[in-house]
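Chain by chain, the residues run as shown.
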Amino acid sequence: MPSDQEAAYAIFERGNLKRLMVINMHGYNTTKDGAGTEPLPNPPGRMSRGFSFAARNLARDVSIREQRHMANGSDAITGVTFDGWSYNWELDNGKPVRLDNVTTGETVRSKQGVITVMVPDKMVVVVVVVVVVVEKTLDEDGALESRSS
């Protein structure tokens, strides 16, 4: 990664990429002095950074699901979610609560086996890679059949 404020982790299963977790730790605060209590009247714009990864087992152009850890900033003490789920104590004693006002179900398309994700400052993105391998074989009668795994 180009900066010590960025990190990425890859999860493999049987040698195939299954998930990427990209962490952008560049600071972004929306409250005075970063205390999380008094909002800034005009917070600065939040910068996003692009990260690209090549995956050899990835089909050329496929849609890939993103799950985002979101918050208003690194100083947020409420409104923190993961893929639309909040674990705030105030909502249901820390049990997961699905929020309707948070974007979920985002996808990104690979381009020639390369995944590029945009990650705003002080945010985490988990990219879920579902690769379907299709085997083509001939059946007893010589007809082409496909099997997915």
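Residues numbered from 1 in each chain as written. Predicted model: local features only at pLDDT ≥ 70, side-chain atom pairs only at ≥ 80, totals over all residues. Heavy atoms only, no water.

In the nomenclature of an unreviewed UniProt entry, the protein corresponds to Beta-glucuronidase from the organism Metarhizium brunneum.

Asks: I tried to follow the nonpolar core on my own but got confused; where do I start?
Replies: Nonpolar side chains in soluble globular proteins tend to end up buried together. Among the nonpolar cores identified, the biggest contains 16 residues, and I64, I115, V117, V119, V127 and V129 are the most heavily contacted of them. The set of elements that each furnish at least two residues to this core consists of β2 (16–24), β3 (48–54), β9 (114–120) and β10 (123–128). Other than its neighbours up to four places away in sequence, I115 contacts L17, L20, F51, S52, F53, L58, I64, V108, S110, V127 and V129. (Core = buried A, V, L, I, M, F, W, Y, C linked by side-chain atoms within 4.5 Å. Buried < 20%, exposed > 50% of the residue type's maximum accessible area, 1.4 Å probe, protein only. Helix = DSSP H or I, 4+ residues; strand = E, 2+ residues; numbered from the N terminus. Contact = heavy atoms within 4.5 Å.)

Asks: Which parts of the structure should I look at to understand the pairing of β2?
Replies: Bridging between strand β1 (residues 6–13) and β2 involves eight bridges; their strand directions are antiparallel. Pairing of F12 across the sheet is with L17, part of β2. Following β1, the chain reverses through two residues before pairing antiparallel with β2; R14 in that reversal takes a positive phi of roughly 50°. Relative to β10, β2 is paired through six bridges, and the arrangement is antiparallel. Bridge pairing in β10 links I23 to V124. (Pairing = 2+ DSSP bridges.)

Asks: For this particular structure, what's the right way to read the environment of S63?
Replies: You can see S63 is positioned in strand β4 (residues 63–70). In sequence terms S63 and V108 are 45 residues apart; their C-alpha atoms lie 5.7 Å from each other. Setting aside chain neighbours within four positions, we find S63 in contact with T107, V108 and R109.

Asks: Any chance you could explain the pattern of salt bridges here in plain terms?
Replies: Side-chain pairs of opposite charge can arise where the charged atoms are in close proximity. Tallying each qualifying case throughout the model produces four salt bridges. Between R68 and E66 there is a salt bridge, and its shortest N-O distance comes to 3.1 Å. Classification of E66 as buried rests on a relative accessible area of 5%. Exposure remark for R68: the relative accessible area of 10% places this residue in the buried category. Three or more residues joined by partner-sharing salt bridges are found here, namely E66, R68 and E106. (Salt bridge = Lys/Arg side-chain N within 4 Å of Asp/Glu carboxyl O.)

Asks: Teacher, can you tell me more about the confidence of the model for the protein here?
Replies: Any residue range with low pLDDT should be treated as having predicted coordinates unsuitable for detailed reading. On average, the protein scores 81 in pLDDT, and the residues at 70 or more come to 85%. The low-confidence segment residues 131–137 (pLDDT under 50) makes 21 contacts with residues lying over four places distant or belonging to another chain. Confidence drops under pLDDT 50 across residues 144–149; counting only partners more than four residues distant or on other chains, this segment forms 20 contacts. (pLDDT = per-residue confidence, 0-100.)

Asks: Where do I start with unusual backbone geometry in this structure?
Replies: As a rule of thumb, non-glycine residues mostly have phi less than zero, and peptide bonds are mostly trans rather than cis. Notably, D83 is not glycine yet its phi reads approximately 50°, a positive angle. Note that D83 resides in the loop between β5 (81–82) and β6 (85–86). We note that Q112 has phi near 55°; this positive angle belongs to a residue other than glycine. Relative to the assigned elements, Q112 resides in the loop between β8 (107–109) and β9. Its relative accessible area of 59% is what places Q112 among the exposed residues.

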